[in-house]
Amino acid sequence: MVEVQVLREVVSSESPRDDLIRRERFPHIWCPGCGLGTVLKCYVEAIASSDIPRDKHVIVSGIGCSGRMAGYVNIDSYHVTHGRPIAFAEGMKIVRPDLEVTVISGDGDLVTIGGNHFIHAIRRNVDINVFLVNNFIYGMTGNQYGSTTPLGARSSTSPYGCPEYPFNLPLLAAALGAPFVARWTTLHVRQLAEAMKKAMKVKGFAFIEIISPCPVGFGSYNEMREGMDFIKFFLENCIVDHNADLNKVAISMRPGDPIILGNFVEREAPTYHDLEREVFRKAGWLK
Amino acid sequence: MNSISLKFVREPINKHLQKIPLGIIHVIPERCKECNYCIELCPRDVLKVGEERNFKGYRWPVIADGKALDCIACKMCEWICPEFAIFVKEVDRTEWIKS
Ligand SMILES: Cc1ncc(C[n+]2csc(CCOP(=O)(O)OP(=O)(O)O)c2C)c(N)n1
Ligand code: SF4
Ligand code: SF4
Ligand code: SF4
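Each value, and the rule that gives it
Residues numbered from 1 in each chain as written. Chains lettered and ligands numbered in written order. Predicted model: local features only at pLDDT ≥ 70, side-chain atom pairs only at ≥ 80, totals over all residues. Heavy atoms only, no water. Helix = DSSP H or I, 4+ residues; strand = E, 2+ residues; numbered from the N terminus. Buried < 20%, exposed > 50% of the residue type's maximum accessible area, 1.4 Å probe, protein only. Contact = heavy atoms within 4.5 Å. Pairing = 2+ DSSP bridges. Axes fitted to C-alpha atoms, helices over the stretch in contact; angles between N-to-C directions. Parallel < 35°, antiparallel > 145°, perpendicular 65-115°, else oblique. Left-handed = near helix turned anticlockwise from the far one by under 90°. Near = heavy atom within 4 Å. Polar contact = N/O pair within 3.5 Å; in protein donor to acceptor, adjacent residues only side chain to side chain. Areas by Shrake-Rupley, 256 points an atom, 1.4 Å probe, with all protein chains shown as cover. Nonpolar A, V, L, I, M, F, W, Y, C, P; charged D, E, K, R; others polar. Arc of directions from axis to C-beta.

(A) Focus on the overall build of chain B. Of the regular secondary structure elements, chain B holds four helices and four strands. What you see in chain B, going N to C, is helices and strands ordered as α-β-α-β-β-α-β-α. If you line up chain B on its principal axes, its C-alpha atoms span 50 × 30 × 25 Å. Across the 99 residues in chain B, those meeting the buried criterion constitute 44%. Residue pairs at least 24 apart in sequence account for 58% of intrachain contacts in chain B once pairs closer than 6 positions are excluded.

(B) Here's a closer look at the sheet that holds strand S8 (residues 238–240) of chain A. Residue and element names in this part refer to chain A. Overall, mixed pairing links the eight strands, which are arranged S3-S2-S4-S5-S7-S6-S9-S8 in an open sheet. With one partner strand each, in any of the chains shown, strand S3 (76–79) and S8 form the two edges of the open sheet. With direction set aside, neighbouring strand axes in the sheet form an average angle of 20 degrees. Of the pairings in the sheet, the one linking strand S5 (residues 129–134) to strand S7 (residues 206–211) comprises six bridges and is parallel in character. In the strand pairing of S7, Val130 is matched with Phe207. Where helix H9 (residues 227–237) meets the sheet, it contacts strand S6 (180–185), S7, S8 and strand S9 (259–266), and its direction lies at approximately 50 degrees from that of S8.

(C) Looking closely at the packing of helix H2 (residues 36–49) of chain A against helix H7 (residues 189–201) of chain A. All names here are of chain A. Contact pair H2 / H7: the axes reach a minimum separation of 9 Å and the direction vectors enclose 50 degrees. As judged from the angle between their axes, H2 and H7 are oblique. You can see that H2 and H7 cross each other, and the crossing is right-handed. Here Thr38, Val39, Cys42, Tyr43, Ala46, Ile47 and Ser49 of H2 come into contact with H7, specifically with Val189, Leu192, Ala193, Met196, Lys197 and Met200.

(D) Structural detail: the sheet that holds strand S1 (residues 22–27) of chain B. As summarised here, the arrangement of the three strands in space is S1(A)-S1(B)-S4(B), forming an open sheet in which the pairing is mixed. Single-partner strands in this sheet number two, and they are strand S1 (10–11) of chain A together with strand S4 (86–91) of chain B. Inspection of the sheet shows S1 of chain B paired to S4 of chain B by six bridges, in the antiparallel sense. Bridge assignment links Gly23 of chain B to a residue of S4 of chain B, and that residue is Glu90 of chain B.

(E) Structural detail: the site of ligand 1. All names here are of chain A. In the vicinity of ligand 1 there are 15 residues, among which Cys65, Ser66, Asp107, Asp109 and Gly139 approach most closely. Measuring from an oxygen atom of ligand 1, one finds a side-chain N or O atom of Ser66 at 2.6 Å. In this structure, Ile137 approaches ligand 1 through a main-chain N or O atom, which is 3.0 Å from an oxygen atom. With the chains in place, 72% of the 590 Å² that ligand 1 exposes on its own is no longer accessible. With three residues, the single largest contributor to the shell around ligand 1 is helix H4 (residues 107–113). Among the residues forming the shell around ligand 1, the class breakdown is five nonpolar, eight polar and two charged.

(F) Seen up close, the site of ligand 3. Taken together, Ile25, Cys42, Pro43, Val46, Cys71, Ile72, Ala73, Cys74, Lys75, Met76, Cys77 and Val88 of chain B make up the full set of residues near ligand 3. In terms of residue class, the shell around ligand 3 is built from 11 nonpolar, no polar and one charged.

(G) Structural context of helix H5 (residues 115–124) of chain A. Residue and element names in this part refer to chain A. The set of residues buried in H5 consists of Gly115, Phe118, Ala121 and Ile122. The buried residues of H5 occupy one face: seen down the axis, they fall within an arc of 135 degrees. Close packing links the buried residues of H5 with helix H3 (85–95), H4, helix H6 (169–175) and S7.

Rendered as structure tokens:
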């Protein structure tokens, strides 16, 4: 019996992490090789190893393939209108500062349609975590280009190449004063989960850009039709440099141009909550 | 490949005390979408594409011939799997083989 087990894989019906996922919804809707499932895995591992009780964690997602994230995590989860998860999360954190509020959503959702919320939440240093899944495209609606599509990359609305410069998100977040700014890919699973755990501890706005394979959307227009094509690209082109000059970390997705990864910013700054309390004290509303 | 590179490494004097863990691989066939991440990213080439198909038509990973004892329980397959379809339980190699 023992020998049979060790010589063959064991067929099972549930994983040890099924406590933190909504297992009745599996298999999930994401395409084969989509990086979103790996992001989910890293997030639930980060929750499981964080010192924060499970019932204090909440997740907010917007609309898109990435927006489905909240629906798969077995904690209080909120699926809100397109582009608005940061606004929703800010409100929740301000009213319930005891909660560990995490937004996981797409690039289209958070910085294209929802870009203004992103900018202002960082400027205020609201104490939330934003894990932005960057697949370089509006996946769910048919692969139109957006504010993160690399210059020259093809999409359904840029068949001859995207004519716009993409956002350099770590630079933007750092310039606005975010206390924690990181970037990892879904290949860097352990570093990503560690960064998520750090983000949960940070007081203030913690931002992680997660570069994620989208073989069916972005990949089908840019000769990366399999998830492994992205993973090979990451293996060949990623460089970890925690002290990178953030002016130089924009992503081109051209072979030979590095994708720079790391925990770029780790600093302390008073949060919106701290500053608001100070005003309340001055006004005499708080002791 | 491994044995060649190991030749140049000084043998630790406490080598007999060192333990290489053994992983017992578990799969959930119905969840797999055949992305092959687990197979391609296993540092010990333990896995291969299986022959059977699940209800969606995907072939889940199985242990490659003669590789069952090569798994070192690094859990890369478990971490990278986007479907929560593979996981590894670590056991004590010497204890396990003895029993
Ligand atoms: C107000 C509003 N505008 C537009 C849409 C259509 N829409 C749905 S998903 C989506 C794109 C989401 O892109 P992204 O956040 O990058 O997620 P992905 O699908 O790529 O993961 C858009 C434009 C919508 N649902 N609501
Ligand atoms: S279209 Fe892209 S992002 Fe959406 S599920 Fe498929 S691979 Fe994932
Ligand atoms: S645990 Fe590591 S060695 Fe074992 S099958 Fe998975 S990836 Fe391979
Ligand atoms: S990583 Fe998961 S989904 Fe992909 S082939 Fe392996 S078991 Fe199947």
